[in-house]
Amino acid sequence: SGDLVGHAQFIHRKDRGGRITKTEERAMSLKELKSLRRQISQRCEIEHWTDMQFGAALRSCEVNLYHLCHHFVLPLTAPEGVILKGLVNRVYSPGEALVQMDDSCSSALPLAEGVVRERSDD
């Protein structure tokens, strides 16, 4: 069970809010792993998760930790979104997907991905 915030459902933890020392050495409980599996199963297809390098649609059984981080963890780090400045001067429509790539390396993963929420003339 969790709180629904936007479309993201957060897994509640008893020690939430406290400092966890050496998080890289902290194991997940079986209950937490099962909850994470449920989250991936529910969200992968609904949110149209794709492989970041090849763009192929993912099935929940194909999701690895890189996919999980990209589609689940990283969006939680900016829940209110971000403001992009310096885009090419053209009309951007709400709902339009944006992908920022590294022009110096054609095989690099996207630097950023997002969806236009609103247009600003600033």
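Please read all numbers here as calculations on a predicted model, not as lab measurements.

Asks: I would appreciate a short explanation of the overall build of the protein in the present structure.
Replies: In terms of regular secondary structure, the protein is built from two helices and four strands. Counting from the amino terminus, the protein carries its helices and strands in the arrangement β-β-α-α-β-β. Within the protein, the fraction of its 122 residues that count as buried is 17%. The long-range fraction of contacts in the protein, counting pairs at least 24 apart against all pairs at least 6 apart in sequence, stands at 27%. Total accessible area on the protein stands at roughly 10100 Å², and carbon and sulfur atoms take up 55% of it.

Asks: Mind showing me how you'd approach the state of the cysteines here?
Replies: Two cysteines whose sulfur atoms are joined by a covalent bond form what is called a disulfide. In total, this model carries zero disulfides according to the counting rule given. Just so you know, Cys-44 is unpaired, no disulfide at all, and the nearest cysteine sulfur is the one on Cys-61, 8.4 Å from it. Residue Cys-44 is classed as buried on the basis of its relative accessible area, which comes to 0%.

Asks: Would you take a moment to explain a nonpolar patch on the surface for this structure?
Replies: A cluster of nonpolar side chains, Met-28, Leu-30 and Leu-33, forms an exposed patch at the surface whose accessible area comes to about 290 Å². Residue position: Leu-33 is located in helix α1 (residues 30-46). Among the residues examined, Leu-33 registers a relative accessible area of 41% and is labelled partly exposed.

Asks: Teacher, can you tell me more about α1 here?
Replies: Since the α-helix packs 3.6 residues into each turn, any two residues three or four apart lie on the same face. An ideal rise of 1.5 Å per residue puts 24 Å on 17 residues; α1 measures up with 25 Å between its terminal C-alpha atoms. Here α1 has its buried residues at Glu-32, Ser-35, Leu-36, Gln-39, Ile-40, Arg-43 and Cys-44. The buried residues of α1 occupy an angular sector of 150° when projected down its axis, which confines them to one face. Within α1, the exposed residues directed more than 90 degrees away from the buried face are Leu-30, Lys-31 and Arg-37.

About the criteria used
- Residues numbered from 1 in each chain as written.
- Predicted model: local features only at pLDDT ≥ 70, side-chain atom pairs only at ≥ 80, totals over all residues.
- Heavy atoms only, no water.
- Helix = DSSP H or I, 4+ residues; strand = E, 2+ residues; numbered from the N terminus.
- Buried < 20%, exposed > 50% of the residue type's maximum accessible area, 1.4 Å probe, protein only.
- Contact = heavy atoms within 4.5 Å.
- Areas by Shrake-Rupley, 256 points an atom, 1.4 Å probe, with all protein chains shown as cover.
- Disulfide = S-S within 2.5 Å.
- Patch = residues over 30% accessible without salt bridge, like charges linked within 9 Å, V, L, I, M, F, W, Y side chains within 5 Å.
- Salt bridge = Lys/Arg side-chain N within 4 Å of Asp/Glu carboxyl O.
- Expected span 1.5 Å × (residues − 1).
- Arc of directions from axis to C-beta.

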